[in-house]
Structure formats: C-alpha cells, structure tokens
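Reading the structure
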Amino acid sequence: MLKVTDSLSRRLANWARVRSPWISVFNTGSCNACDIEVIACLMPRFDVERFGILAKGSPRHADILIVTGPVTRKQESRLRRIWEQMPEPKYVIAMGACGASGGVFQGLYHVVDGGVESVIPVDVFVAGCPPRPDEIINAVVACLGLMKEDLARGGKEWRRKPGEAPREPAEVPA
Ligand code: SF4
C-alpha cells in the first residue's frame, strides 16, 4: 500500500514539475554570449514564463540546470557541488559548443577536457555558439519530454540496474 501511495505522490509531483519546471543557470566559464541568450529567453520577447518556466536563483529549488560555457578547472568542483544540491530527479542542459566539448576553449590549460558531461551527467545538449533563445526553449521542451517519462540521467535515477544500457543524452540541433 505504501508503495502505491509513494508512486502516486511521485506521479503527482512529476505532473506539477512538467507543467512548471524551475530552472537555474550556472556559468562555468562562458564568454557570456550564451548567458545573454538565456536572459533573452526570460525577457518579454520570448517570455518563457507563459509556459510555466521559472528562473530560480538557488539550485536547491531547481528541476533543470542550464550550464553555459566550457568547464574551467576553477569551476569544476563548484559545478559538481551545485548539481549535488539539486533535488532529485534533476536534469541538465549543456549549452552550445563549449558545453559539449569546451568549444573554442578546448585544450587550454585551464579548461577541463570533455565539456560538462565529464563532470556531471547531461540530459540535453543544445548545438550552437551561442544557441538562439528558441533553441534553448526547444531544449527545455526536450527536457520536459524526459521529465514526463521520469528519465533523468542524474542522481539516483542514474544508478541503473546492472546490465541496462545508459540512456544517451538528447541533442537539439542548431
Ligand atoms: S558556446 Fe560560443 S557563445 Fe557559448 S560560451 Fe562558448 S564561445 Fe561563448
């Protein structure tokens, strides 16, 4: 009986989460162009609040973390800590070429190899340098699709059963 209640409350929480995802943004060393595009999403022209998407200052309240920029060595542990502070299930969107691989900063002495995925599990990659606001909205919608199915790669959800293949992150093309 406890299990049924548990799964019911989980489904209810998921239903609410899909209708109004809360988002935090973390800059791990971006040139700031990606951040400007994220800010454009929140402004009246694109107005993501009409879809129930809310920007939150604290990762402790966020369902989705948008990471902008290559991961610098200085920000690596901070990114990990911020991701750990998020409640589960948690979703991650890596922005642009830098989020995927380090982009133009790849190979520099102060940049971690392999992009955001080398530090925390990424659910959706958005292509571009920087991605446009409509592509960012597209990425959040892709994330909502994963949320509906409860398919977070991170946290406890990531600890899959032995023998089960890990889910590949989604890609939003440019
Ligand atoms: S992907 Fe392009 S725009 Fe975004 S942080 Fe990297 S260099 Fe800047």
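An account of the accompanying structure is given in this report.

Cut-offs used in this document
Residues numbered from 1 in each chain as written. Predicted model: local features only at pLDDT ≥ 70, side-chain atom pairs only at ≥ 80, totals over all residues. Helix = DSSP H or I, 4+ residues; strand = E, 2+ residues; numbered from the N terminus. Buried ≥ 20, exposed ≤ 12 C-beta atoms within 10 Å, placed from the backbone. Contact = placed C-beta atoms within 7 Å. Arc of directions from axis to C-beta.

**Section: the overall build of the protein**
The helix and strand tally for the protein stands at 6 helices and 6 strands. Ordering the α and β elements of the protein from the N terminus gives α-β-α-β-β-α-β-α-β-α-α-β. Expressed as a percentage of its 174 residues, the buried residues of the protein come to 38%. Of the contacts made within the protein by residues no fewer than 6 positions apart, 80% connect residues no fewer than 24 positions apart.

**Notes on helix 2 (residues 33-42)**
Those residues of helix 2 not exposed but buried are Cys34, Glu37, Val38 and Cys41. Considered in projection along helix 2, the buried side chains sweep an arc of 100° and stay on one side of the axis. Where helix 2 is buried, its residues meet strand 1 (22-27), strand 3 (64-68), strand 4 (91-95), helix 4 (96-101) and helix 5 (133-148).

**Some details on unusual backbone geometry**
Excluding glycine, most residues fall at negative phi; most peptide bonds, likewise, are trans. Of the consecutive residues glutamate 88 and proline 89, the connecting peptide bond is found in the cis state with omega at -5°. Note that proline 89 resides in the loop between helix 3 (73-85) and strand 4. Residue proline 130 follows cysteine 129 across a cis peptide bond; omega there is -5°. Within the secondary structure, proline 130 is located in the loop between strand 5 (124-126) and helix 5. Even without being glycine, asparagine 32 reaches a positive phi, approximately 90°. Here asparagine 32 is to be found in the loop between strand 1 and helix 2. Although it is not a glycine, aspartate 47 adopts a positive phi angle of roughly 45°. Here aspartate 47 lies in the loop between helix 2 and strand 2 (54-55).

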